[in-house]
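Overview (structure and organization)
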Amino acid sequence: MIPVVLWSVVIPTIAAGAIVAAGRWGPLRGRACAARTLVVVAIAVAVVWSFVASVGWPSLPPAQKWHAVPWIAVLIGVWGIFDTLLPRDEWPGRLVLAVVGGIVVGWGLVLPGVEPLTVGMVVGATGALTALMDSRGRAALPLGGWAIAAALSMLTLVAGQLTMALLAGAVSGTLAAIWLVGLCSGKCGSDTRAGGAALGATLAVIALTAWSYDYDLVPRWAWLVVAAGIPGACMLEVGSLGRWHGVLASCVRSLVLVSPAIAVVLTQIEAVKGAMRG
């Protein structure tokens, strides 16, 4: 088990962290657009690397339906890169990207018992919401993404899907690396970026894939609640709350983002312990 975690979680996390660090301290230092783009690339690289390390290089067309996930991660990465190129308040453009991205993912990710329309709507909406927070440079988003991805990894492990659990673990590690690089560079305030639409869409794809292959080992409400912090935190971006800055604002946003994920893990802690022992 340790070698699997090493190659599928630890090494992809290190690689993703190096990519993000290159945007802060490498030749592209000072180019904010390039740094944001590299964060998106880091998330996609972590997902693909984790999949290849645990399953092998995916075939095209996929041998199994869920083997399309790494290809979908690449497409989401393209979506995320376009999202980072848009100005901060360019919401019509972001909504168009979310619609197009949702349609593409819904068409490409065929899951048992899940309608393509549902896949597209969930992925598109989640990507749009995280793009909202990311465009405002909220320091809470990397921390929240880390907590949500870590909780998803645990739930997926309970559902008996080791590969998807490793993918979620790699994404969680990448978000931790993004937060750490931001902290070390002194940019944990208004300049923090967490991958925008790519982060939310990737988390949605992992959650939907795990849920579709879960045979009632995890309560359905848990899959819904684990990422509830994202729309909750977006409520803090409406009206005058969107102009709320400072340490207290970051703490409140962080609490809203991570609390649902922590609550889900705590309610399922015995199942998580059992899955880890197994």
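Above this text you will find the structure in question.
Overview of the structure. Since this is a predicted model, take the numbers as computed values, not measurements.

Rules used throughout
Throughout, residues of each chain are indexed from 1 in the direction in which the sequence is written. Predicted model: local features are reported for residues with pLDDT of at least 70 only, side-chain atom pairs are reported and counted for 80 or more only, and whole-chain, interface and lining totals are derived from all residues. Side-chain metrics rest on all non-hydrogen atoms present in the structure, leaving aside hydrogens and water. Each axis is a line fitted through C-alpha atoms, taken for helices only over the stretch in contact, and angles between the N-to-C directions span 0 to 180 degrees. Runs of H or I in DSSP of at least four residues are treated as helices and runs of E of at least two as strands, each being numbered from the N terminus. Orientation categories follow fixed angle ranges, with anything under 35 degrees roughly parallel, anything over 145 roughly antiparallel, 65 to 115 roughly perpendicular, and all other angles oblique. We call two residues contacting when some pair of their heavy atoms lies within 4.5 Å. Here, a salt bridge means any side-chain nitrogen of Lys or Arg that lies within 4 Å of a carboxyl oxygen of Asp or Glu. We call a residue buried when its accessible area falls under 20% of the maximum for its residue type, exposed when it is over 50%, and partly exposed in between, using a 1.4 Å probe and counting protein chains only. To pair, rings of Phe, Tyr and Trp, with the six-membered ring standing in for Trp, must have centres within 6.5 Å; the planes then decide the type, stacked if under 30 degrees apart, edge-to-face if over 60, and tilted in the middle. We call a charge positioned above a ring when the Lys NZ or Arg CZ atom is no farther than 6 Å from the ring centre and deviates by at most 35 degrees from the ring normal. The residue classification treats Ala, Val, Leu, Ile, Met, Phe, Trp, Tyr, Cys and Pro as nonpolar and Asp, Glu, Lys and Arg as charged. All others, Gly included, are polar. Surface patches are defined over residues having more than 30% relative accessible area and no salt bridge, joining like charges when they lie within 9 Å and nonpolar side chains (Val, Leu, Ile, Met, Phe, Trp, Tyr) when within 5 Å. Accessible areas in this description were obtained via Shrake-Rupley with a 1.4 Å probe; residue shielding takes into account the shown protein chains only. The term nonpolar core refers to a set of buried residues drawn from Ala, Val, Leu, Ile, Met, Phe, Trp, Tyr and Cys, joined through side-chain atoms within 4.5 Å.

1. As for the packing of helix 3 (residues 69-85) against helix 4 (residues 91-108)
To describe two helices that pack against each other, one gives the angle between their axes and the distance between the axes. In contact at an axis separation of 10 Å, helix 3 and helix 4 are set at 175° when each is read in the N-to-C sense. When the interaxial angle is binned, helix 3 and helix 4 end up roughly antiparallel. Two secondary-structure elements touch here, helix 3 through Ile72, Leu75, Ile76, Trp79, Phe82 and Asp83 and helix 4 through Arg94, Leu97, Ala98, Gly101, Gly102, Val104, Val105 and Gly108.

2. Some details on the pattern of salt bridges
Counted by the stated rule, this structure contains one salt bridge. When the shortest N-O distance is used, the salt bridge between aspartate 83 and arginine 94 registers 3.1 Å. With a gap of 11 residues between them, aspartate 83 in helix 3 and arginine 94 in helix 4 connect regions that are remote in the sequence. Accessibility expressed as a relative area gives 3% for aspartate 83, which makes it buried.

3. Some remarks on the packing of aromatic side chains
Counted under the stated rule, the structure contains two aromatic pairs. Judged by centre distance (5.9 Å) and plane angle (70°), the ring pair of phenylalanine 51 and tryptophan 66 falls under edge-to-face. One end of the pair, phenylalanine 51, is in helix 2 (residues 32-54); the other, tryptophan 66, is in the loop between helix 2 and helix 3, with 15 residues separating them in the sequence. On the basis of an interplanar angle of 90° and a centroid distance of 6.2 Å, the ring pair of tryptophan 57 and tryptophan 71 is categorised as edge-to-face. Of the two residues, tryptophan 57 is situated in the loop between helix 2 and helix 3 and tryptophan 71 in helix 3; the sequence distance between them amounts to 14 residues. Note on tryptophan 57: relative accessible area 63%, which makes it exposed. If you follow arginine 94 out to its NZ or CZ, it ends over the ring of tryptophan 91, 5.3 Å from the centre.

4. Details of the packing of helix 6 (residues 140-158) against helix 11 (residues 247-267)
Packing of helix 6 against helix 11 leaves a shortest axis separation of 9 Å and a crossing angle of 0°. Here helix 6 lies roughly parallel to helix 11, going by the angle between them. Residue-level contacts link Ala140, Leu141, Leu143, Gly144, Ala147, Ile148, Ala151, Met154 and Leu155 of helix 6 to Ser250, Arg253, Ser254, Leu257, Val258, Ala261, Val264 and Val265 of helix 11. Residues of the contact of helix 6 with helix 11, tallied by class, amount to 13 nonpolar, three polar and one charged.

5. Quick look at a nonpolar patch on the surface
Where nonpolar side chains cluster on the molecular surface, the patch consists of Leu6, Trp7, Val10, Ile14 and Trp49 and spans about 490 Å² of accessible area. Ranked by the residues each element gives to the nonpolar patch, the list is headed by helix 1 (residues 2-25), at four residues. Its location among the elements puts isoleucine 14 in helix 1.

6. So, the nonpolar core
If you look at the biggest cluster of nonpolar residues, it comprises 72 residues, and the most contacted ones within it are Leu109 and Val123. For this core, the leading source of residues is helix 8 (residues 197-212), giving 11 residues. With residues up to four places along the chain from it excluded, the contact list for valine 123 reads Trp79, Val105, Ala201, Ala204, Val205 and Leu208.

7. Topic: unusual backbone geometry
Between leucine 60 and proline 61 the backbone carries a cis peptide bond, its omega angle lying at 5°. Tracing the backbone shows proline 61 in the loop between helix 2 and helix 3. Even without glycine at this site, aspartate 216 takes up a positive phi of about 60°. Along the chain, aspartate 216 falls in the loop between helix 8 and helix 9 (220-225).

Nothing here speaks to function; it is geometry throughout.
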